[in-house]
Amino acid sequence: MAVAAPASRVPLPARAHGHAFHPLDIELDRCKGCELCVGACPPAVLALDPGIVNRLGHHPVRLIDPARCTSCALCARICPDAVFTVYARPRETAR
Amino acid sequence: MTPTRDGGPTTGLPEARVVYRRPDLLSDVSTHYCPGCGHGIVHRLLAEVLGDLGLGPRTIAVAPVGCAVLAYDYLRLDFVEAPHGRAPAVATGVRRVRPDAFVLAYQGDGDLAAIGTAEIVHAAARGEAITVIFVNNGIYGMTGGQMAPTTLLGQRTTSTPGGRDARTAGYPLPITEMLALLPGVGYAARGSIADPSSVGKAKALIRRACEVQVAEGAFAIVEILSTCPIGWGMTPREAARHLADDVPATYPLGVMVDRFRDPAPAGGTPR
Amino acid sequence: MMTAPTLPDERVLMKGNEAIAEAAIQAGCDAYFGYPITPQAELLEWMARRMPELGRAFVQAESELGAITMALGASAAGARVLVSSSSPGMSLMAEAMSYMAGSELPVLVVNVMRGGPGLGSIGPAQSDYFQATKGHGHGDYRVPVLAPSSNAEAIALVADGFDLAERYRTPVILLADGILGQAMEPVDPHFRSLPPRHDDWSLSGADGRPPRVVRSLHLRPEDLEVHNDHLGAKYREIAAHEVRWVGERLDDAEIAVVAYGTAARVARTAIARAREAGLAVGLVRPISLWPFPSAVLARLAPRLRALVVVELSAGQMVEDVRLAVGGLAPVFFHGRTGGMVPAPDEVLGAIRRASAVTADREVPS
């Protein structure tokens, strides 16, 4: 993307290989980039991905630090487009 | 290729418990609502509540005129379109001939508190066993951002460019408080979707409003304070902030009347 | 059941408004919504008493606007619905008539016409012909309009009206007037009943089937055009099959009076007197005002010296008569407004004038 990422949008880490638990399933093509979830997330692990423009023409939200997501589902609760499926972290999984 | 999903069942462990999943009663489409629009949240809450209560298969819903005119594309329910403001009358017609149906009217602030004032007042006065979801964002979104009866004093809209002036445009209408005075109203409450905590409380109000129809056969109305980021000239997060900070001074949150939990309510004081 | 006085031959005396109401009940009306307005309050009152007796829906709404919109909802939910009003109340219904036509909802609406415009008078009139037949509400649509000229005919047309409404999925107007609504006439108390409404599109809750939507909104112009084409095809079908009219003494007529409702009854007396005076006059009485019996008039016009249209209005149906006749014969008009009813001799005078003016016109016999 040629557009410079605003300061509030952090660069995304590379995806870890192997079985990393991913608490969120995000329908990228339904996200409208409203950022209500970004503001609602207590550990601030959600951010819009400036590297993607989805089918609706928005930068969709991504989970940028899965390890710190607590599956609190406040993102799902505030999302007007119901893009989130939230999974509880199984206890056996190391962070 | 642009990914369409992030995460997904293949990356979660198979035995992971689902904490939240998109409700089944929401259609599998993107809505036309603007980014951050409160209608999306309210639709989602309705889908969750109707699903939780098992009411989907017997719901007949009435769609308004306003941004939510296409609500029937977004919720998997039998729907009838009403002319602007007439949803409570259409709902009355449905209610009187379908005693076993769950009857829902979904309206915005222009629909309910401007052009439809006679219809909502009389449906409430008759105590029609319907549940009214009243989405109040203080503006006429669909037609481009004009003043609504619930627009705040001083608020700039395209028909109050200098800010709403009470001398010429009157005062914001507390329609739900007015309805709560009527003996035919079983439940009247106001919630908000400003933040997740408010959303959670709003869901409980919607659920109670549905229960009042089912269990008590009474009229129930839930007003949900909502946002219109585009109409308000704000980002979605700014709009949510404004909703949380500035709107409740004019439209306080709470339950105005729940005649079945408090048979002798004290006027319109929210609890 | 009925407390109306009975006649030796089992007919009963009924006021028009009440006869229409009972006819609707016997035809299986599930729901009635109305608002008091003169001269049809008796219809609402009859329903207020009878519908709850039968466990059926009755609501005196907050306005005619409320009543017609309740009817919209009830029809969408599968019920057979009646609404009644009079001219000023009908104006309030314009919005919902358009929505119901667009959403293809069957509802029977009775207009007991009174003098207008505005608050007008409570006397009988026929000045809502344009309103009933030329649209009333916005958009490209038509509604069938049935015009009785007696209580017995009104009773029959109620069942007919429900049947038309449901077969074609359309609102239907029963156009009466204050005299018909108020007059007591002997009627046969065996009213026609109809089988219950049954369809695959009305709303009952999406239980084990896909959700259904009843609406008139088609945002894409291409889609709305398709929908309007569909409605247009329906209206052509109705026009082809549902014209209703009666002719009296037309076989040898040189002059035809065209009149409906109460005007037709006055005309019938005038025609009898004209015949006694040696004038060959007949009556064309439209019963369906839409679809209008245009073909009938077009067929008759070439062998007529004149047509005389009589209405309780400033002249509304006369325009459709002129359109149908297409200049093939002169069309004269006699009307009274304001709730006034022409006397038979007035109409006779109009017939005589038309006859005199056209005395030299040659027409094939």
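It should be emphasised that the depicted structure is a prediction, and the values quoted were computed from it without experimental measurement.

Peer 1: Tell me about the overall build of chain B, residues and numbers included.
Peer 2: Secondary structure assignment for chain B yields 10 helices and nine strands. Taking 18 Å as the expected radius of gyration for a compact globule of 271 residues, we find that chain B reaches 18 Å, a close match to that expectation. Along the first, second and third principal axes, the C-alpha atoms of chain B reach 60 × 45 × 35 Å. Taking all 271 residues of chain B together, the buried fraction comes to 59%.

Peer 1: Break down the interface of chain C and chain B for me, citing the residues and quoting the values.
Peer 2: Taken together, the contact pairs 34 residues of chain C with 29 residues of chain B. Listing elements by their share of the side of chain C that touches chain B, those giving two or more residues are β2 (31-34), β3 (57-60), α3 (64-76), α5 (94-103) and β9 (213-214) of chain C. Element by element, the count of residues in the side of chain C that touches chain B is highest for α3 of chain C, at eight residues. Here the side of chain C that touches chain B is composed, by residue class, of 20 nonpolar, eight polar and six charged. When strand β4 (residues 78-81) of chain B meets β9 of chain C, the two strands line up parallel, connected through two bridges. Note that in β9 of chain C the partner of F79 of chain B across the bridge is V213 of chain C.

Peer 1: Help me get a handle on unusual backbone geometry, residues and values and all.
Peer 2: Here T38 of chain C and P39 of chain C are connected by a cis peptide whose omega angle stands at 5°. Mapped onto the fold, P39 of chain C is located in the loop between β2 and α2 (41-53). With phi around 70°, E35 of chain A is a residue other than glycine that occupies positive phi space. Relative to the helices and strands, E35 of chain A is located in the loop between β1 (24-27) and α1 (36-40).

Peer 1: Can you explain the pairing of strand β7 (residues 171-177) of chain C? Please cite residues and give values.
Peer 2: Within a regular beta strand, the side chains point alternately toward one face of the sheet and then the other, so they alternate between its two faces. All names here are of chain C. Counting buried residues along β7, seven of its seven residues qualify, which places the element largely inside the surrounding structure. A two-sided burial pattern is seen for β7, the buried positions comprising P171, I173, L175 and D177 on one face and V172, L174 and A176 on the other. Where strand β5 (residues 107-113) and β7 come together, seven bridges link them in parallel fashion. In the strand pairing of β7, L108 is matched with V172. Taken together, the two bridges between strand β6 (residues 145-146) and β7 define a ladder with parallel strand orientation. Its bridge partner lying in β7, L146 is registered against L174. For the crossover from β6 across helix α7 (residues 151-168) to β7, the handedness is right-handed.

Peer 1: Residues and numbers for the domain arrangement of chain C, please.
Peer 2: All names here are of chain C. In terms of domains, chain C is made up of domain 1 (12-198 + 216-241) and domain 2 (246-357). Computed over C-alpha atoms, the centres of domain 1 and domain 2 are 27 Å apart. At the junction of the two partners, domain 1 supplies 28 residues and domain 2 supplies 24 residues. Secondary structure elements with two or more residues in the side of domain 1 that touches domain 2: α6 (129-133), β6, β7, α8 (178-182) and α9 (221-241). For the side of domain 1 that touches domain 2, the element with the most residues is α6, which contributes four residues. The residue inventory of the side of domain 1 that touches domain 2, partitioned by class, reads 18 nonpolar, seven polar and three charged.

Peer 1: Give a description of the interface of chain A and chain B that names residues and reports values.
Peer 2: Listed per partner, the contact involves 39 residues of chain A and 37 residues of chain B. Looking at the side of chain A that touches chain B, the elements that each hand over two or more residues are β1, α1, β3 (61-63), α2 (74-78) and β4 (84-87) of chain A. Here the side of chain A that touches chain B is composed, by residue class, of 21 nonpolar, nine polar and nine charged. Examined bridge by bridge, β1 of chain A and strand β1 (residues 5-6) of chain B share two bridges and lie antiparallel to one another. Paired with E27 of chain A across the strands is R5 of chain B, a residue of β1 of chain B.

Peer 1: Account for helix α8 (residues 196-216) of chain B, with residues named and values stated.
Peer 2: Residues and elements named next belong to chain B. Across its 21 residues, α8 extends 30 Å between first and last C-alpha, which sits within 8% of the 30 Å expected from 1.5 Å per residue. Inspection of α8 places P196, S198, V199, A202, K203, L205, I206, A209, C210, V212 and Q213 among the buried residues, and these make up the whole buried set. At the exit of α8 stands G217, carrying a positive phi of roughly 60°.

Peer 1: Got a sec to walk through the packing of helix α1 (residues 16-26) of chain C against α7 of chain C? Specific residues and values, please.
Peer 2: All names here are of chain C. Here α1 crosses α7 at 30°, and the two axes come no closer than 9 Å. The orientation of α1 relative to α7 falls into the category roughly parallel. Between α1 and α7 lies a crossing of right-handed hand. On α7, the residues that touch G16, A19, I20, A23 and A24 of α1 are N151, A154, I155, V158 and A159.

Conventions used here
- By convention here, each chain's residues receive numbers from 1 onward along its written sequence.
- Written order decides the labels, with chains lettered from A and ligands numbered from 1.
- For a predicted model such as this one, the threshold for reporting local features is a pLDDT of at least 70, and the threshold for listing and counting side-chain atom pairs is 80 or more; totals across whole chains, interfaces and linings nevertheless cover every residue.
- Secondary structure elements are defined from DSSP: runs of H or I of at least 4 residues count as helices, runs of E of at least 2 residues count as strands, and each element is numbered from the N terminus.
- The globule rule is 2.2 Å times the number of residues to the power 0.38, and the radius of gyration it is compared with is taken over C-alpha atoms.
- Labels follow a simple rule on C-beta atoms placed from the backbone: if 20 or more others lie within 10 Å of a residue's own, it is buried; if 12 or fewer, it is exposed; otherwise it is partly exposed.
- Whether two residues are in contact depends on their C-beta atoms, placed from the backbone: they are in contact if these lie within 7 Å.
- Residue classes follow a fixed rule: Ala, Val, Leu, Ile, Met, Phe, Trp, Tyr, Cys and Pro count as nonpolar, while Asp, Glu, Lys and Arg count as charged, and any other residue, Gly among them, counts as polar.
- Note on pairing: two strands pair once DSSP finds at least 2 bridges between them.
- The handedness of a crossover follows from its direction of travel: if, with the strands pointing away from the viewer, the path from the first strand over the helix to the second runs clockwise, the crossover is right-handed.
- Boundary definitions for the domains trace back to an automatic or database domain assignment.
- How far a helix is expected to stretch is found by multiplying one less than its residue total by 1.5 Å.
- Axis definition: a line fitted to C-alpha atoms, limited for helices to the stretch in contact. Angles are taken between N-to-C directions and run from 0 to 180 degrees.
- Angles are sorted into four bins: roughly parallel if under 35 degrees, roughly antiparallel if over 145, roughly perpendicular if 65 to 115, and oblique for all others.
- Two helices crossing with the near one rotated counterclockwise from the far one by less than a right angle form a left-handed crossing, whereas a clockwise rotation gives a right-handed crossing.

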